[in-house]
Amino acid sequence: MKYKTPETQISKASLLFALGLLGSISCVQAQEAGAVEEVVVTGMRASLEKAIAVKQQSTKVMEALAMDDINATPAVTIAEALVRLPGINGSRDRGNESQAAIRGLGPRMVLGTVNGREVASPEPGRAIRYEQYPSELVSAAEVYKTQSADLVEGGIAGTINLKTISPLSHTGPTATVRVGLQHNESGEDVPDYDPLGNRMSAAFVHQFSDTFAVAIGASTQTQKNAYGSMQGWGYSDSALDLDGNGTIGTTPWGVAGEVKKLDTDREGIMSTFEWQATDALNVKYDVLYTEFAMDEQQNQTWAQDIGTPPSGEGWGLGDANGDGAVDNPMSNVVMQGNRAVAGTFNGWEGTMRHVIAAYQQENSGVTQGLKFSHTGFDNWQIDVDFSHSTAERKNYWNAIYLDQYAETWSFDTRGTPSISAPAGSPLLTPENASYNWIGNVNEGSTLEDELQSAQFDIKRDLDAGHLRSISFGARTADREKEVIWTDFEMGRDTNNDGVSNDSDDNGIPVVFPEGFLSSYTLGAFDTIPFLNAPSYAKTADVIFGGVDYDSADVNADRYWKVDERNDAAYVKLDFEGQLGGLDYNANIGVRQVEINTKSYALNGEYIENDYSKALPSANLNLDLDDTRKLRIGVAQAISRPPLDELRAGQYISAIENGSSGGAGNPTLDPFTSDQVDVSYEWYFAPESLAALSLYYKDIDNYIGNAVVGTFQNENGVDFDIYGPVNGNGGYVRGAEVTFQMPFEFLPVEGFGVYSNYAFAESNIEEFAPSNNPLPMAGLARDTATLDLWYSNYGIDARLGWKYHSAYTSAFTWDSYDLTTLDAELGVGFSLAYEINENYNVRFQVFNLTNEPLRLTQNNESANLKRYDDYGRSYLIDFTWKL
């Protein structure tokens, strides 16, 4: 695979400027270290010192974000802040960063926790969608990159722990209120759409006494994020003479344009009650509730039925006489390899389908825990932690088709993709399209995930030579995740017999009210106009008299439920002393896990699987001097298979736009890894850090998706069904460099830099395509962050760059749907001014250089999957603190 920087001149110029400035900084002699102040991984000056102790005093290789840092970073959600840390990447979904990949390993090997507890997720697997967490409700984020026996198992790549506030130890403002407006630039071209959103939050912390305190926070935001997209449906396999001049190759099954008109509402509530009942007993109850609702109106244009059929077939472009040439030759054909990436269809007999659709999704989740900490016995600490977490997700997609036929039109999937038609083409007036009763799609699903656990930890302080303490504990957890898919079709009762069915629709046109249908184009793409209607619901009212959701039937093939029982116990020894005259601390331990899963079909039958693993780990932290640390960690780790990949059964997608089929595997073994980490940290001056981390992971039982079956479409063409299987695995290795410092050498105080670079490589490949496998999902060879900041005189400013090279992405509902995410260079800007100690105003720009998202498929750079133009987003808000 070739890796390249994005082909935008603004992006290139900004990166060259940033690298040039960073290069000049590296030539400056570091000042002599005085009193050491530790620096956290990211953040402006006011927040660096708050998190630095977490990193420096940790017994693990880790990164940290403080609350002030999260709020200073251009971030709508926690995800935007996390991806600026060394070696962490995300994939943008609808313009927002979402799930996380760490050190080249994708979300399936990243464990997400809240206050140290594993949580339920509205996603099909185990991965957390971090965009559901408003940054205002989280006090800190910790990313652990090495293992320890007391950590919940599951994060070969790492563990991301989100923390809510502890009110008894809080020293910040008593009350905080924030109000702001958001604006999405790409929504300005969309008719009847308001791109202005809002964001509000409030937090209150009150210490009623020295022994009882409460923290309460709430956040609500409406994000308006309309954007355009171009998509490819994959290529057919039969190569034909496309233009009659010997241009041999294949065409896509179809290409599509789409506009998503999003209204996204996020709400969250956080509460923590902390009681120091006695000098020895602390009781803390915390609850975090998040809600995510999306209403996405869609205008789509499907240029379909253009695949090259096998020789002798008459459908698609056709080769009815079997002479190896298409029946209706193309013109202006542009080839990449044997793929036609641009061209004009002449005498085409296919359909241009205009789709009025709606996607709606509602997520909610509750995570709550009750923790007792007792230190009343000599040198003993006992922690008991009970937690309960639930997540729900309801979504459905509804679509109505209106069709046109036109002999001549063109497509181009290179660069900024396009679908175009010549002057006078009927495709330029999609308002004249005819309603098509065939295959209108109505499908949806309901997901419920419930996880309850109990954790017991006991620590005994010792003074036995270098042995300082012994810790042991146990955890038991039960989890049940169930997904119910439904689908239905709607018909019209045009003959007034009281029954609605497809036969009533046949040949009977729909008469829309005058002005009901309209069309528009976007500045971001060269496309034929999109067909527009007031909404899907109003269109369904005109055609069907409404949407009959009660007629939905359960799709038995897609139903799945997985129950998981997880029991674990551990013991850990902590050491402290001197080695060779150097201060050190270390720990060694082992965690024993026992896992049992049951994968259910709709009829109640299930397949059971169980496994057990002993997971040893050891960490050594050596103080080379007052400013330098050396950390070494070795461990064996596992990541449990994603819950959706443990499902029973297989299914074929109901959407008639090509090929989609997937299956589960209830007998999967977990990912396993033997790994070693070495980290060198130099705190060479106050608020300054230079760090180098090296790691090596030997991964076994890698889970990838391979062909486990086939199905035929209506034309008799075979398509593959993919399912997860265990493979041999291989190595993942890499290095991470972090450098940050204030520019004390400048005559003007307040400027500084934060930067990191991560390199990762692996010999692990996915299992598909079988003839040209994709690199391992999540593996970006190069990842870099550069933030230039200024913090002084009440002004906090940051200009930040984030780059990653191309990597395999699997951040979709279907884990077998692997794509290649092109290299991206994103730029963000944040400017805040503290009017006084109580009032603050902030302005932020996201995606400043308007970096598009481009995905390709089948490990072919010419095979476009999707191209999304998210545009720039702006935020301005006002904060009041007391």
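This write-up is about the structure you can find in this document. All values reported here derive from a predicted model rather than from experimental measurement.

1. Looking at the environment of M490
One can find M490 in the loop between β24 (467–487) and α5 (502–505). Linking M490 and W437, residues 53 residues apart in sequence, is a C-alpha distance of 8.7 Å.

2. As for the sheet that holds strand β7 (residues 158–163)
The pairing of strands in a sheet comes from backbone hydrogen bonds and takes either a parallel or an antiparallel form. Taken together, five strands build an open sheet; the order of strands is β1-β6-β7-β4-β5 and the sheet is mixed. Edge positions in the sheet fall to β1 (62–66) and β5 (117–118), since each has one partner strand and no second. In terms of strand pairing, strand β4 (residues 110–114) meets β7 through five bridges, oriented parallel. For G112, the partnering residue across the bridge sits in β7 and is I160.

3. Structural notes on the sheet that holds strand β21 (residues 418–420)
Strand order in this open sheet of five strands is β16-β17-β20-β21-β26, and the pairing throughout is mixed. The open sheet has two edge strands with one neighbour each: β16 (331–336) and β26 (526–527).

4. A short note on the nonpolar core
Among the nonpolar cores identified, the biggest contains 50 residues, and L82, Y130 and I160 are the most heavily contacted of them. If we skip the residues at most four places from it in the chain, L82 touches L65, I88, Y130, A141, V143 and I160. In terms of nonpolar packing, the next biggest core, distinct from the first, is built from 30 residues, Y193, V259, I306 and V333 among them.

5. Topic: a negative patch on the surface
Among the surface-exposed residues, D265, E267, E291 and E362 lie close enough to one another that they form a single negatively charged patch. Considering the arrangement of structural elements, one finds D265 in strand β14 (residues 255–276). For D265, a relative accessible area of 31% puts it in the partly exposed group.

6. A look at the environment of V205
Position of V205 relative to the elements: it lies in strand β9 (residues 196–207). Residue V205 is classed as buried on the basis of its relative accessible area, which comes to 11%. For V205, the contacting residues outside a window of four places in its chain are I165, P167, H170, P173, T174, V214 and A215.

Cut-offs used in this document
Residues numbered from 1 in each chain as written. Predicted model: local features only at pLDDT ≥ 70, side-chain atom pairs only at ≥ 80, totals over all residues. Heavy atoms only, no water. Helix = DSSP H or I, 4+ residues; strand = E, 2+ residues; numbered from the N terminus. Pairing = 2+ DSSP bridges. Core = buried A, V, L, I, M, F, W, Y, C linked by side-chain atoms within 4.5 Å. Buried < 20%, exposed > 50% of the residue type's maximum accessible area, 1.4 Å probe, protein only. Contact = heavy atoms within 4.5 Å. Patch = residues over 30% accessible without salt bridge, like charges linked within 9 Å, V, L, I, M, F, W, Y side chains within 5 Å. Areas by Shrake-Rupley, 256 points an atom, 1.4 Å probe, with all protein chains shown as cover. Salt bridge = Lys/Arg side-chain N within 4 Å of Asp/Glu carboxyl O. Lys, Arg positive; Asp, Glu negative; His and termini not counted. Charge placed at Lys NZ, Arg CZ, Asp CG, Glu CD.

Taken by themselves, the reported measurements are silent on function.
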